[in-house]
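Coordinates in review
In case you want the letters, here they are:
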Amino acid sequence: LAFLAELQAHNDRDWFNAQRDRYEAHVLHPSRAFIAEVSDRLSAKLGRPVEGRLYRMARDLRFSKDKTPYNVHVHIGFIEAGPAIWMVGFEPGRFALGYGAFTFQPEPLSRWRAAAAAPSGVALAQMLDRLTHRGLRLSEPELKRVPAPHPADHPRAALLRHKSLTAWEDRLPMTTLYGPDAPARIAEALKVFTPLRDWMTTHL
């Protein structure tokens, strides 16, 4: 976190290259060790392979007005079969766990809409209500109107207006990340998303 705070203040390639040894010692290698242990724990829990991924610090500047070259956060994804992933992200002053899909590709999007409109969508809506009552945050729907052929007054109109769905737990203390027991704590905390994961795995 100290390195990320300094990177935020000195976000240029010369500074980063001069500090690369610190980045590798304090961000890259600890993140890889964390990913390996959490991946093993999730794989054992789910009974299927889970692959961890550390997303790049370098930003894609091609279509961005912000030309600072590096992200000042660490984003980690844990990927299994299906359209959604488990997520861990942190930066100075902010730490969040998540699960979901940032974008439904065409086929999963069609399955999402069919399942949300069908009786299976009732269980989804009830489950998401329980998650929000527990304090989790859900992404907002991207569409202003309910897509055809569903009526505008469909009882699950809000779900049908989604082109993606993510749920976030961002109330845990930063100290959850600290120490050799952190992978076990994170793997345990990720269980809150299991109902959403099970629904998406079944229907998408």
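Here goes a summary of the coordinates provided. (Residues numbered from 1 in each chain as written. Predicted model: local features only at pLDDT ≥ 70, side-chain atom pairs only at ≥ 80, totals over all residues. Heavy atoms only, no water.)

Here we take up the overall build of the protein chain. Secondary structure summary: the protein chain contains 8 helices and 6 strands in total. Of the regular secondary structure in the protein chain, the N- to C-terminal order runs α-α-α-β-β-β-β-α-α-β-α-β-α-α. Principal-axis analysis of the C-alpha atoms gives the protein chain an extent of 60 × 40 × 30 Å. Counting all 204 residues of the protein chain, 45% fall into the buried class. Partitioning the contacts of the protein chain with sequence separation of at least 6, the portion at a separation of at least 24 is 63%. With the model as given, the accessible surface of the protein chain reaches about 11,100 Å², and the carbon-plus-sulfur share is 53%. When the 28 positive and 22 negative side-chain charges of the protein chain are each reduced to one mean point, those points stand 6 Å apart. (Helix = DSSP H or I, 4+ residues; strand = E, 2+ residues; numbered from the N terminus. Buried < 20%, exposed > 50% of the residue type's maximum accessible area, 1.4 Å probe, protein only. Contact = heavy atoms within 4.5 Å. Areas by Shrake-Rupley, 256 points an atom, 1.4 Å probe, with all protein chains shown as cover. Lys, Arg positive; Asp, Glu negative; His and termini not counted. Charge placed at Lys NZ, Arg CZ, Asp CG, Glu CD.)

Turning our attention to helix α8 (residues 194-203). Buried residues of α8: Thr194, Leu196, Arg197, Trp199 and Met200, and no others. Close packing links the buried residues of α8 with α3 (20-46), β3 (85-91), β4 (94-101), α4 (106-117), α5 (120-133) and β6 (165-169).

Right, let's get into the layout of surface pockets. Its volume calculated, the largest pocket comes out at about 320 Å³. If you trace the largest pocket, you find 15 residues lining it, with His26, Pro30, Ser31, Phe90 and Leu177 closest to the centre. For the lining of the largest pocket, the elements supplying multiple residues, two or more each, are α3, β2 (74-79) and α7 (182-189). Of the residues that constitute the lining of the largest pocket, the class distribution is 12 nonpolar, 3 polar and no charged. (1 Å grid on protein atoms, 1.4 Å probe; cavity = no way out; pocket = protein on both sides within 12 Å on 5 of 7 lines; lining within 4 Å. Points joined across faces, edges and corners; volume = space filled by probe spheres on them. Nonpolar A, V, L, I, M, F, W, Y, C, P; charged D, E, K, R; others polar.)

For the rest of this paragraph, the subject is the environment of proline 49. Residue placement: proline 49 occurs in the loop between α3 and β1 (51-54). Taking the C-alpha atoms as reference points, proline 49 and alanine 81, 32 residues apart in sequence, are found 8.3 Å from one another. Aside from chain neighbours lying at most four places away, what touches proline 49 is Ser43, Ile79 and Glu80.

What follows covers the nonpolar core. Residues Phe78, Trp112, Phe193, Leu196 and Met200 are the most contacted members of the largest nonpolar core, which totals 54 residues. Phenylalanine 193 has contacts with Trp86, Leu97, Gly98, Tyr99, Leu136, Ala167, Trp168 and Glu169, leaving out every residue within four places of it along the chain. Ile79, Met87, Ala96 and Trp168 belong to the second largest nonpolar core, which has 5 residues in total. (Core = buried A, V, L, I, M, F, W, Y, C linked by side-chain atoms within 4.5 Å.)

Strand order in the open sheet formed by 6 strands is β1-β2-β3-β4-β6-β5, with antiparallel pairing between adjacent strands. A single partner strand is all that each edge strand has here, and the edge strands are β1 and β5 (137-138). Two strands pair when backbone bridges link them, and β1 and β2 are joined in this way by 4 bridges, in the antiparallel orientation. Counted as the bridge partner of arginine 53 is glycine 77 from β2. Set on the sheet, α3 makes contact with β1, β2 and β3; between it and β2 the angle comes to about 25°. (Pairing = 2+ DSSP bridges. Axes fitted to C-alpha atoms, helices over the stretch in contact; angles between N-to-C directions.)

Attention shifts here to the side chain of arginine 156. Summarising the element assignment, arginine 156 is placed in the loop between β5 and α6 (157-160). Aspartate 129 is the oppositely charged side chain nearest to the buried, salt-bridge-free arginine 156, at an N-O distance of 11 Å. Among residues more than four places away in sequence, those in contact with arginine 156 are Ala116, Ala117, Ala118, Gly121, Val122 and Ala125. (Salt bridge = Lys/Arg side-chain N within 4 Å of Asp/Glu carboxyl O.)

With that settled, consider α4. Taking 1.5 Å per residue, 12 residues should reach 16 Å; α4 reaches 17 Å between its end C-alpha atoms and fits that length. Along α4, the residues that are buried comprise Pro108, Leu109, Trp112, Arg113, Ala115 and Ala116. For α4, the elements touching its buried residues are α5, α6, β6 and α8. (Expected span 1.5 Å × (residues − 1).)

A few words on the pairing of β6. With 5 of 5 residues buried, β6 lies mostly within the body of the structure. Neither face of β6 is exposed, since Leu165, Ala167 and Glu169 on one face and Thr166 and Trp168 on the opposite face are all buried. In this sheet, β6 lies alongside β4 in antiparallel orientation, the contact comprising 5 bridges. The partner of tyrosine 99 across the bridge, within β6, is alanine 167. Bridging between β5 and β6 involves 2 bridges; their strand directions are antiparallel. Bridging from a neighbouring strand, leucine 138 pairs with alanine 167 of β6.

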